Amino acid sequence: MPKLLLVHQRLCGVYGCPIPYFSNYDPLSELVSALLSHRTKNADSHRAFQQLIQQFPTWEAVRDAPTAAIEAAISASTWPEQKAPRIQQVLRLVSERCPDGSLDFLGEMPVPEARAWLESLPGVGPKTSAAVLCFSRLRRRALVIDSHHHRVAVRLGLIPAKVDVAAAHAILAAQLPESWTAQQVYDHHEVFMLHGQKCCFYRRPACHRCAVLDLCPTGQILQSRQIQSRQIRNK
Ligand code: SF4
């Protein structure tokens, strides 16, 4: 079995697949939420999104509000001064391109075309386009890679370290079985992300209790270094 699938199987055992979807937004709301989440902690971007939708009842109202008011509403996010005009620009383009103001039509398009449509919007890259399709109520088969997922994949040797998060999307998605459902693709991202949050930390990964240590070249190097330094200390 290919390593990526073995890792998936083991991590699903640890974190419990299928994993419930964490949101059920319509795709336009998911797009705004994803734009707010760029380089922001989940709790902060969630707070910014909640404040935005509490203060502005519709996306048209967000689009047409003074930019300073949007900036204030999303102040819990990082760089509200950049995100506020960007969100309004995206909402204006969506209004121009979609007469009903909805992105539900993306549910009918093949995933690569839907992603290309989204990525034609300013500030939308592979992570955001995949998030809109995968996390929204469209529940499409699109693999999201965040920084945790990327770090775990690099350490496991599934992608070279020089491949950045954006480029990793196509490389890792190509390794998934075509027969996988949207739920399985979602689970794949979630278990890698959870593993990055709960075990494969940025600093000091907990390799000694990692379920995929035997498959991980980085973990094995780190473990043998620790054993060596313990032996030196005990001499
Ligand atoms: S063995 Fe260590 S480096 Fe490898 S995936 Fe597990 S925690 Fe991360």
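Residues numbered from 1 in each chain as written. Predicted model: local features only at pLDDT ≥ 70, side-chain atom pairs only at ≥ 80, totals over all residues. Heavy atoms only, no water.

For the rest of this paragraph, the subject is the pattern of salt bridges. Within this structure, the stated rule accounts for five salt bridges. Here R47 and D44 are joined by a salt bridge, their closest N and O atoms 3.2 Å apart. Placement of both R47 and D44 in helix α3 (residues 42–55) is noted, with a separation of three residues, approximately one turn of the helix. Taking the relative accessible area as the measure of exposure, D44 reaches 24% and is therefore partly exposed. Close ionic contact of D104 with R137 constitutes a salt bridge, the shortest N to O distance being 3.3 Å. One end of the pair, D104, is in the loop between α6 (80–97) and α7 (111–119); the other, R137, is in the loop between α8 (126–135) and α9 (147–155), and 33 residues separate them in sequence. Look at D104 and you get partly exposed, because its relative accessible area is 33%. (Salt bridge = Lys/Arg side-chain N within 4 Å of Asp/Glu carboxyl O. Helix = DSSP H or I, 4+ residues; strand = E, 2+ residues; numbered from the N terminus. Buried < 20%, exposed > 50% of the residue type's maximum accessible area, 1.4 Å probe, protein only.)

Moving on: the state of the cysteines. Enumeration over the complete set of coordinates arrives at one disulfide. Disulfide pairing is shown between C12 and C17; the S-S distance is 2.3 Å. Looking down the S-S bond of the C12 and C17 bridge, the torsion is -75°, so its handedness is left-handed. As a non-bridged cysteine, C199 has C210 as the owner of its nearest cysteine sulfur, 4.4 Å distant. (Disulfide = S-S within 2.5 Å.)

Okay, the domain arrangement of the chain next. According to the domain assignment, the chain contains domain 1 (1–20 + 142–235) and domain 2 (27–135). One C-alpha centre belongs to domain 1, the other to domain 2; they are set 29 Å apart. Opposite the ten residues of domain 1 that make contact, domain 2 presents nine residues. Summed over both partners, the interface of domain 1 with domain 2 comes to about 750 Å²; 78% of that surface belongs to carbon and sulfur atoms. In terms of surface lost to domain 2, no three residues of domain 1 exceed A142, V144 and H169, which account for 58% of the buried area on that side. Seen at the junction of domain 1 and domain 2, the total is zero salt bridges. For the pair domain 1 and domain 2, the interface holds zero residue pairs in polar contact (both at pLDDT 80 or more). Taken together, the elements giving at least two residues each to the side of domain 1 that touches domain 2 come down to α10 (165–173) and α11 (182–198). Among the elements that make up the side of domain 1 that touches domain 2, the one with the highest residue count is α11 (three residues). By residue class, the composition of the side of domain 1 that touches domain 2 is six nonpolar, two polar and two charged. (Domains from an automatic or database assignment. Contact = heavy atoms within 4.5 Å. Buried area = accessible area lost by both parts, 1.4 Å probe. Polar contact = N/O pair within 3.5 Å; in protein donor to acceptor, adjacent residues only side chain to side chain. Nonpolar A, V, L, I, M, F, W, Y, C, P; charged D, E, K, R; others polar.)

Before going further, it helps to examine α9. Among all positions of α9, only H149, H150, R151, V152, A153 and R155 are buried. For α9, the elements touching its buried residues are α10, α11 and α12 (217–234). Taking the backbone nitrogen of H148 as reference, a side-chain oxygen 3.2 Å away marks D146 as the first, capping residue of α9.

Between α9 and α11, the least distance of the axes is 7 Å, while the angle of their chain directions is 85°. Classed by the angle they form, the pair α9 and α11 counts as roughly perpendicular. For the pair α9 and α11, contact is made by H148, H149, R151, V152 and A153 and by H188, H189, F192, M193, H195, G196 and Q197, respectively. Classifying every residue of the contact of α9 with α11 by side-chain character gives four nonpolar, seven polar and one charged. (Axes fitted to C-alpha atoms, helices over the stretch in contact; angles between N-to-C directions. Parallel < 35°, antiparallel > 145°, perpendicular 65-115°, else oblique.)

For the rest of this paragraph, the subject is the environment of H188. Relative to the elements of secondary structure, H188 occurs in helix α11. The contact partners of H188, leaving out residues within four places of it in the chain, are L4, H8, L143, H149, L176 and W180.

This part takes up unusual backbone geometry. The omega torsion across C17 and P18 is 0°, close enough to zero to call that bond cis. Residue placement: P18 occurs in the loop between α1 (3–15) and α2 (27–37). For R39, which is not a glycine, the phi torsion comes out positive at approximately 50°. Position of R39 among the secondary structure elements: in the loop between α2 and α3. A relative accessible area of 71% places R39 in the exposed class. Even without being glycine, R204 reaches a positive phi, approximately 50°. Looking at the secondary structure, you find R204 in the loop between α11 and α12. Judged by its relative accessible area of 77%, R204 falls in the exposed class.

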